[in-house]
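# Reading the structure
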Amino acid sequence: MSSLMKKLALAATVAAAPLIAAGAAIAEGEKYVLVSHAPDSDSWWNTIKNGIALAGDQMGVEVEYRNPPTGDLADMARIIEQAAAAGPDGIITTLSDYDVLSGPIKAAVDSGIDVIIMNSGTPDQAREVGALMYVGQPEYDAGFAAGQRAKGDGVGSFLCVNHYISSPSSTERCQGFADGLGIDLGNQMIDSGQDPAEIKNKVLAYLSANPETDAILTLGPTSADPTLLALDENGMAGDIYFGTFDLGEEIVKGIKGGVINWGIDQQPFLQAYLPVVVLTNYHRYGVLPGNNINSGPGFVTADGLTLVEKYAGEYR
């Protein structure tokens, strides 16, 4: 290397050093809290936890996941208040019930904390509470698209197994499905609760009382897994049209085995991962996407299971 080249290389190294140090300083100090409405028993949220953890590692920020252990929304509202009182740089939260949660979220925004709504609620509701944006799946629209798909497959009646009926977003899924089919929801939605044995028995009882039911719609692994057991017990597995929201290990097996026709993938990993990335870049550089981000819906069938099967319950 010539003397001139050595001098240029040395100068470049010295010039770069302050930039590296500055970058390291920027990466310190940010903290984000994700608050969900999910009870501890809902394994679907493990993907959310993985998403926020990976984003925290990659962005070099501190992240924390919090939730009401039993899924009680009043408890969730208190958790949001507690999180805001601790003064994080940002809060990422679901908006599963506007009436219960909008007050604490607005208070957090008013205190100067940046908020992103994820998973549940709507883009309009996110704007109303003062959030930066919404990242998730419009639940009614997803249900409507599923209903249209089922209608094209000849479905005219169904059972919606709602394991989280206290969340308006869950009911929107069932209502959208009915509207997509062009029929009244009526009594085709049941409050199944979250106990697996109870869910199984309620599905068996409904199908026994309504043997002409064309299809079943479940809203996630909590209701899908016991429904799979119910259909295995009454001999209807593979004979009744079966669609479900969300993915999980047993759901993937059901799709692969021809018992479940399709799963609606709202990509929960992205719902947790992207808000951390967005908030970090916003706080460091002042950049922010100009629109909300729809993470779903996408329909997963037996034809597209390779990566889904590999990462189900972890990143899918």
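Whatever comes next refers back to the structure up there.
Thresholds, definitions, all that
Residues numbered from 1 in each chain as written. Predicted model: local features only at pLDDT ≥ 70, side-chain atom pairs only at ≥ 80, totals over all residues. Heavy atoms only, no water. 1 Å grid on protein atoms, 1.4 Å probe; cavity = no way out; pocket = protein on both sides within 12 Å on 5 of 7 lines; lining within 4 Å. Points joined across faces, edges and corners; volume = space filled by probe spheres on them. Helix = DSSP H or I, 4+ residues; strand = E, 2+ residues; numbered from the N terminus. Nonpolar A, V, L, I, M, F, W, Y, C, P; charged D, E, K, R; others polar. Pairing = 2+ DSSP bridges. Axes fitted to C-alpha atoms, helices over the stretch in contact; angles between N-to-C directions. Contact = heavy atoms within 4.5 Å. Buried < 20%, exposed > 50% of the residue type's maximum accessible area, 1.4 Å probe, protein only. Right-handed = clockwise from strand over helix to strand, strands pointing away. Core = buried A, V, L, I, M, F, W, Y, C linked by side-chain atoms within 4.5 Å. Phe/Tyr/Trp six-rings, centres within 6.5 Å; stacked < 30°, edge-to-face > 60°.

### Observations regarding empty space enclosed by the protein
Within the structure shown, the criterion is met by three cavities of 30 Å³ or more. Taken as a whole, the largest cavity encloses approximately 220 Å³ of empty space. His-37, Trp-45, His-163, Ser-170 and Arg-173 are the residues nearest the centre of the largest cavity, which is lined by 22 residues in total. When residues in the lining of the largest cavity are grouped by element, the largest group, three residues, is from helix H7 (residues 168-181). Looking at the lining of the largest cavity residue by residue, the class counts come to seven nonpolar, 11 polar and four charged.

### A few points about the sheet that holds strand S7 (residues 189-191)
With respect to topology, six strands assemble into an open sheet ordered S7-S6-S8-S9-S10-S12, the strand pairing being mixed. Every interior strand has two partners, whereas the edge strands, S7 and strand S12 (298-300), have only one. Each adjacent strand pair in this sheet contributes to an overall mean axis angle of 20 degrees, direction not counted. As judged from the three bridges shared by strand S9 (residues 241-245) and strand S10 (residues 262-265), these two strands associate in the parallel manner. Of the residues in S10, the one forming a bridge with Gly-243 is Trp-262. Against the sheet, helix H8 (residues 196-209) touches strand S6 (158-162), S7 and strand S8 (215-218), its axis set at about 160 degrees to S6.

### Considering unusual backbone geometry
Cis rather than trans, the peptide bond between Gly-296 and Pro-297 has omega equal to 10 degrees. Checked against the element boundaries, Pro-297 lands in the loop between strand S11 (293-294) and S12. Positive phi outside glycine occurs at Asn-119, with the angle close to 75 degrees. With respect to the helices and strands, the residue Asn-119 is situated in strand S4 (residues 114-119). Overall, Asn-119 belongs to the buried group, its relative accessible area being 4%.

### Some thoughts on the sheet that holds strand S1 (residues 31-35)
Each strand in a sheet pairs with another by means of backbone hydrogen bonds, the pair being arranged parallel or else antiparallel. Reading across the sheet, the six strands line up as S2-S1-S3-S4-S5-S11 and stay open at both edges, with parallel pairing between neighbours. The open sheet has two edge strands, strand S2 (62-66) and S11, and neither has a second partner. Strand direction decides the pairing type here: strand S5 (residues 133-136) and S11, joined by two bridges, are parallel. Directly across from Val-135, in S11, lies its bridge partner Ile-293. Against the sheet, helix H4 (residues 98-110) touches strand S3 (90-93) and S4, its axis set at about 145 degrees to S4. Helix H11 (residues 268-285) rests against S1, S2, S3, S4, S5 and S11 of the sheet, and its axis sits at about 160 degrees to S4.

### A look at the pairing of S3
Neither face of S3 is open: one carries Gly-90 and Ile-92, the other Ile-91 and Thr-93, and all of them are buried. Where S3 and S4 come together, four bridges link them in parallel fashion. Bridge pairing in S4 links Gly-90 to Asp-114. Between the parallel pair S3 and S4, the chain is carried across by H4, and the sense of this crossover is right-handed.

### A short note on the pairing of S8
Consecutive side chains along a regular strand alternate between the two faces of the sheet. Of the two faces of S8, the one carrying Ala-215 and Leu-217 and the one carrying Ile-216 and Thr-218 are both buried. With four bridges connecting them, S6 and S8 associate as parallel partners. Among the inter-strand pairings, Val-161 is bridged to a residue of S8, identified as Thr-218. Where S8 and S9 come together, four bridges link them in parallel fashion. Within S9, the residue paired with Ala-215 across the bridge is Tyr-241. Handedness of the crossover joining S8 and S9 through helix H9 (residues 221-234): right-handed.

### Observations concerning the nonpolar core
Val-161, Val-203, Leu-207, Ile-216 and Phe-242 are the most contacted members of the largest nonpolar core, which has 24 residues in total. Counting only elements with at least two residues in this core, the list comes to S6, H8, H9 and helix H10 (249-256). No other element matches the five residues that H8 contributes to this core. What Val-161 contacts, discounting residues up to four positions off in sequence, is Ile-190, Ser-192, Ile-199, Val-203, Ile-216, Leu-217, Thr-218, Leu-219, Ser-223 and Thr-227. Judged by nonpolar contacts, the second largest core, of 23 residues, contains Tyr-65, Ile-92, Phe-269 and Ala-272.

### Concerning the packing of aromatic side chains
To describe a pair of aromatic rings, you give the distance between the ring centres and the angle between the ring planes. Evaluation of the coordinates by the stated rule reveals eight aromatic pairs. Seen from their ring centres, Tyr-241 and Trp-262 are 6.3 Å apart, and the 70 degrees between their planes marks the pair as edge-to-face. Placement of the pair is Tyr-241 in strand S9 and Trp-262 in strand S10, with a sequence separation of 21 residues. Here Tyr-241 matches Trp-262 in class, with each residue buried. Three or more aromatic residues joined by ring pairs form one cluster here, namely Phe-269, Tyr-273, Tyr-311 and Tyr-315.

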